[in-house]
Amino acid sequence: MAAHAAEPDAVVPPMPERTPKALRQAIAEHVPLLLPDFDAHWKWAIADAYDLGPVPAFMARWWCEYAIARDPKLDAHVTELQHRAAEATDIAEAKALIDEVAKIRYGMRKLEPGE
């Protein structure tokens, strides 16, 4: 997702505390282009549903989105992989590219606050 506004050589901000409020604040400060989607998803999945059950899944998704978007080089790499997969004419190549994106996203879930 190419949503960052930082320069390519910018310092990657640390991960926030693992709470919806802290994550929203970090998104607003460092990758504000993600904020409308974050807020809309929160409103639909949590606020309007009056259900806190989906909060862990919501946090897992947006934790990874922020982790990638806060790092301009990683964000560009993931975006390039996704574009290459979309344009691939060979199914094996497209699958390999999608698998690489999935591995990156999966790895982001392990990041801790402050990293």
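Check the entry above for the structure.
Basis of the calculations
Residues numbered from 1 in each chain as written. Predicted model: local features only at pLDDT ≥ 70, side-chain atom pairs only at ≥ 80, totals over all residues. Heavy atoms only, no water. Axes fitted to C-alpha atoms, helices over the stretch in contact; angles between N-to-C directions. Helix = DSSP H or I, 4+ residues; strand = E, 2+ residues; numbered from the N terminus. Parallel < 35°, antiparallel > 145°, perpendicular 65-115°, else oblique. Left-handed = near helix turned anticlockwise from the far one by under 90°. Contact = heavy atoms within 4.5 Å. Nonpolar A, V, L, I, M, F, W, Y, C, P; charged D, E, K, R; others polar. Phe/Tyr/Trp six-rings, centres within 6.5 Å; stacked < 30°, edge-to-face > 60°. Buried < 20%, exposed > 50% of the residue type's maximum accessible area, 1.4 Å probe, protein only. Lys NZ or Arg CZ within 6 Å of the ring centre and 35° of its normal.

Engineer: Is there a simple way to think about the packing of helix α1 (residues 20–30) against helix α3 (residues 55–69) in this case?
Structural biologist: In contact at an axis separation of 11 Å, α1 and α3 are set at 25° when each is read in the N-to-C sense. Judged by the inter-axis angle, α1 sits roughly parallel to α3. For the element pair α1 and α3, the recorded crossing hand is left-handed. Packed against α1, whose contacting residues are P20, L23, A26, I27 and H30, the element α3 presents V55, M59, W62, W63 and Y66 at the interface. Partitioning the contact of α1 with α3 into residue classes produces nine nonpolar, one polar and no charged.

Engineer: What should I look at first to understand the packing of aromatic side chains in this one?
Structural biologist: The description of two aromatic rings rests on the distance between their centres and on the angle between their planes. Taken as a whole, this structure holds four aromatic pairs when the rule is applied. A ring pair is formed by F38 and F58, whose centres lie 5.0 Å apart and whose planes are at 65°; its orientation type is edge-to-face. Remark: F58 occurs in helix α3 and F38 occurs in helix α2 (residues 35–47); sequence separation between them is 20 residues. Accessibility expressed as a relative area gives 2% for F38, which makes it buried. With centroids separated by 5.4 Å and ring planes inclined at 80°, the aromatic side chains of F38 and W62 adopt a geometry described as edge-to-face. Linking F38 in helix α2 with W62 in helix α3, this pair joins segments that are 24 residues apart in sequence. Look at W62 and you get buried, because its relative accessible area is 1%. Through pairs of rings, three or more aromatic residues link up here, namely F38, W42, F58 and W62. Looking at R18, its charged tip hangs above the ring of W63, at a distance of 4.0 Å from the centre. For the cation-ring pair, R109 lies above Y106, with the distance from its terminal atom to the ring centre recorded as 3.8 Å.

Interpretation note: all reported values are geometric properties and have no functional meaning in isolation.
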